Amino acid sequence: MFIVAITGGIASGKSTVSRVFQRNGIPVVDADEIAREIVMPGKRCWHKIRKEFGDAILLPTREINRAALGRTVFENKELRGRLNMITHPTIHRTIFFHVIKHLLSGKQWIVLDLPLLFETGILMDLIYKIICVTCDPETQLQRLIARNELSEEDARLRINSQMPLEKKCEKSNFVIDNSGSIEDTEEAALKICNMLTESNQHWRNRLTFLGFVFAILFFIYYLNKIFNFLPEINIAARWK
């Protein structure tokens, strides 16, 4: 199995691209979805956030008021760092669990939807290819304002808290420009999906993994021949 990451800026269109992969049978692990799940009322991260930021960021339903919390942390880098220290370890562990689950299920490849891939560096050493979804700054701003019902000032704070899109594009293997129509974006995503599906990288990864396992087993066998630290098992005697 190999891992492909989708990244980009907030409201740049990552979800549109992810849906193309899902429709073609590729599992997608969405970091934003995980981030919403781990802060539901009663969860460990929910308790930590409430303790750190107080009841002022809670809705009457006891759910976290994401808009209020967002205004607080995007205006203060230190508070944003505290929130990340609460949520990021749990998000990363959950993502890793999903990767292992798909690996054991025999999937050819999977997609990780990671908005902060370059900012956090999560699983960078395990990722085969990176897709960056981008759009022009004005389109990104207007989409974010409309989607999250934000003021222009709040929207700019969220955009500026992330690495600039042009830098993310430079670090990626594929770039999808989502400034135009959804159809154009989906067509570009489908081409990349087909290209990756035809790749033999998953076989190379499996052979590398098997080689690693055999190397460890041979090393243990060789040490045992020298030091005889493994007990001898008389199989025939067990059946007498």
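Refer to the structure presented above.
Residues numbered from 1 in each chain as written. Predicted model: local features only at pLDDT ≥ 70, side-chain atom pairs only at ≥ 80, totals over all residues. Heavy atoms only, no water.

1. Brief notes about the overall build of the protein
Counted only if it meets this: Secondary structure elements follow DSSP: runs of H or I no shorter than four residues count as helices, runs of E no shorter than two count as strands, and numbering proceeds from the N terminus. Exposure classes here rest on a 1.4 Å probe applied to the protein chains alone. A residue is buried below 20% of its type maximum, exposed above 50%, and partly exposed in between. In this description, contact between two residues means that some pair of their heavy atoms is separated by no more than 4.5 Å. Working definition of accessibility: Shrake-Rupley area with a 1.4 Å probe, residue cover restricted to the visible protein chains.
Counting its secondary structure elements, the protein contains 12 helices and five strands. Each of the 240 residues in the protein was classed as buried or not, and the buried ones make up 38%. Considering only residue pairs separated by 6 or more positions, the protein has 73% of its internal contacts joining residues 24 or more positions apart. Of the roughly 14800 Å² of accessible surface on the protein, a fraction of 56% belongs to carbon and sulfur atoms.

2. Structural notes on unusual backbone geometry
Residues apart from glycine generally show negative phi values, whereas peptide bonds are mostly found in trans. Unlike most non-glycine residues, Arg62 shows phi in positive territory, near 75 degrees. The residue Arg62 is located in the loop between helix H3 (44-53) and helix H4 (66-74) in this model. At Leu123, a position not held by glycine, the phi torsion is positive, near 55 degrees. Using a relative accessible area of 17% as the deciding quantity, one classes Leu123 as buried.

3. Looking at the sheet that holds strand E3 (residues 109-113)
The test is simple: What makes two strands pair is DSSP finding at least two bridges between them. Axes here mean lines fitted to C-alpha atoms, for a helix over just the part in contact, with angles spanning 0 to 180 degrees between N-to-C directions.
Strand order in the open sheet formed by five strands is E2-E3-E1-E4-E5, and the pairing between neighbours is parallel. Two strands close off the open sheet at either side, each with one partner strand: strand E2 (28-30) and strand E5 (174-177). On average, each strand axis in the sheet is inclined to that of its neighbour by 20 degrees, with strand direction left out of account. Looking at chain direction, strand E1 (residues 2-8) and E3 are connected through five bridges and run parallel. The partner of Ile3 across the bridge, within E3, is Ile110. Contacting E1, E2, E3, strand E4 (127-134) and E5, helix H1 (residues 14-23) crosses the sheet at an angle of about 155 degrees to E1.

4. As for the nonpolar core
This is how the line gets drawn: Definition of nonpolar core: a set of buried residues of the types Ala, Val, Leu, Ile, Met, Phe, Trp, Tyr and Cys, connected through side-chain atoms within 4.5 Å.
Judged by nonpolar contacts, the single largest core of 32 residues is most densely connected at Ile49, Ile95 and Leu112. Of all elements in the fold, only E1, helix H2 (31-37), H3, H4, helix H5 (77-104), E3, helix H6 (117-120) and E4 reach the threshold of two or more residues within this core. Of the residues forming this core, the biggest block, six residues, is contributed by H5. Sequence-distant contacts of Ile49, defined by excluding residues within four places in its chain, comprise Val39, Gly54, Ile57, Ile64, Leu69, Leu83, Ile86 and Thr87.

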